[in-house]
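# Summary of the model geometry
Chain residues, written in single-letter form:
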Amino acid sequence: MMGLDSSLFSALQHMLDAADGSDKSVSAPTRTYVLDAKAMAATPADVKEYPNSYAFIIDMPGLNSGDIKVQVGDDNVLVVSGERKREEEREGAKYVRMERRVGKFIRKFALPENANTDKISAVCQDGVLIITVEKLPPPEPKKPKTIEIKIA
């Protein structure tokens, strides 16, 4: 092997096998994970904090409210997902250039502890989705408990 010792050669072979996907080791990401990661990266969002709420602002051009799903999952995770489909081609028309993104999209946000998951609203207007999550009121400061002292 022209100067490569057998352990180095086997390590290189293992890396090459992992790169082509033939190694199904536990540490290798699944296809679903990779697709979700790409979908999340392609769905940019702004998050604003107001005194009484949080606002999640996501551009959704060309989508109807039926194409978008907003859910709150376990552990206070806000999930925005859906799919943008390519419009059907008309007879005699063909694409010269295709740059607009199509396919599934997903975005997950870990909500803070003070998020009121019972008071969430979502509005999609002019291609912009705004999800408003109200905050829970701050906890009342604990008052010291006074204990009556009895004389025995």
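Reading the values: rules and limits
Residues numbered from 1 in each chain as written. Predicted model: local features only at pLDDT ≥ 70, side-chain atom pairs only at ≥ 80, totals over all residues. Heavy atoms only, no water. UniProt positions renumbered as here; feature names shortened; annotations may be inferred. Helix = DSSP H or I, 4+ residues; strand = E, 2+ residues; numbered from the N terminus. Buried < 20%, exposed > 50% of the residue type's maximum accessible area, 1.4 Å probe, protein only. Contact = heavy atoms within 4.5 Å. Areas by Shrake-Rupley, 256 points an atom, 1.4 Å probe, with all protein chains shown as cover. Core = buried A, V, L, I, M, F, W, Y, C linked by side-chain atoms within 4.5 Å. Salt bridge = Lys/Arg side-chain N within 4 Å of Asp/Glu carboxyl O. Pairing = 2+ DSSP bridges. 1 Å grid on protein atoms, 1.4 Å probe; cavity = no way out; pocket = protein on both sides within 12 Å on 5 of 7 lines; lining within 4 Å. Points joined across faces, edges and corners; volume = space filled by probe spheres on them. Nonpolar A, V, L, I, M, F, W, Y, C, P; charged D, E, K, R; others polar.

For the chain, the name recorded in an unreviewed UniProt entry is SHSP domain-containing protein, with Vitis rotundifolia as its organism. Regarding the chain, the relevant UniProt record gives this comment under Subcellular location (unreviewed entry): "Cytoplasm". Comment text from UniProt for the chain, heading Sequence similarities (unreviewed entry), reads "Belongs to the small heat shock protein (HSP20) family."

## A few points about the overall build of the chain
Within the chain, the regular secondary structure consists of 2 helices and 7 strands. The secondary structure elements of the chain, listed N-terminal to C-terminal, are α-α-β-β-β-β-β-β-β. Residues classed as buried in the chain amount to 18% of the 152 residues present. Restricting to contacts in the chain with at least 6 residues of sequence separation, those with at least 24 account for 51%. Carbon and sulfur atoms provide 53% of the accessible area of the chain, an area that totals close to 12,800 Å².

## A word on the nonpolar core
Ranked by internal contacts, the top residues of the largest apolar core, which has 15 residues, are F56, M60, I68, V80 and I131. Among the elements of the structure, β2 (53–59), β4 (77–84), β5 (103–110) and β7 (128–135) are those that each provide at least two residues to this core. In this view, V80 contacts I58, M60, I68, K69, F105, I106, R107, F109, L129 and I131; residues no more than four positions away in its chain are not counted.

## A closer look at the pattern of salt bridges
Applying the stated criterion to the full structure yields 1 salt bridge. Salt-bridge contacts for E49 lead to K135; the nearest nitrogen and oxygen are separated by 2.6 Å. Note that E49 is positioned in strand β1 (residues 45–49) and K135 in strand β7, a separation of 86 residues in sequence. You can call K135 buried: its relative accessible area is 17%.

## Description of the pairing of β4
Burial analysis of β4 places 6 of its 8 residues in the buried class, which makes it a mostly covered element. Pairing geometry for strand β3 (residues 68–73) and β4, over 6 bridges, is antiparallel. Bridge pairing in β4 places V70 opposite V80. What sits between β3 and β4 in their antiparallel hairpin is a turn of 3 residues, with D75 showing a positive phi close to 60°. Here β4 pairs with β5 via 8 bridges, running antiparallel. In the strand pairing of β5, V79 is matched with K108.

## Overview of the side chain of S81
Looking at the secondary structure, you find S81 in strand β4. With a relative accessible area of 16%, S81 lands in the buried category. Discounting residues that sit within four places of it in the chain, S81 has contacts with D67, I68, K69, F105 and I106.

## Focus on the layout of surface pockets
What the largest pocket holds in volume is close to 280 Å³. Surrounding the largest pocket, 13 residues form its lining, P61, G62, L63, R84 and K85 being those nearest its centre. When grouped by side-chain class, the residues that make up the lining of the largest pocket number 3 nonpolar, 2 polar and 8 charged.

## What to know about unusual backbone geometry
We note that D75 has phi near 60°; this positive angle belongs to a residue other than glycine. As for its position among the elements, D75 is in the loop between β3 and β4. Within the chain, D126 stands out as a residue other than glycine whose phi angle is a positive 55°. Looking at the secondary structure, you find D126 in the loop between β6 (115–125) and β7.

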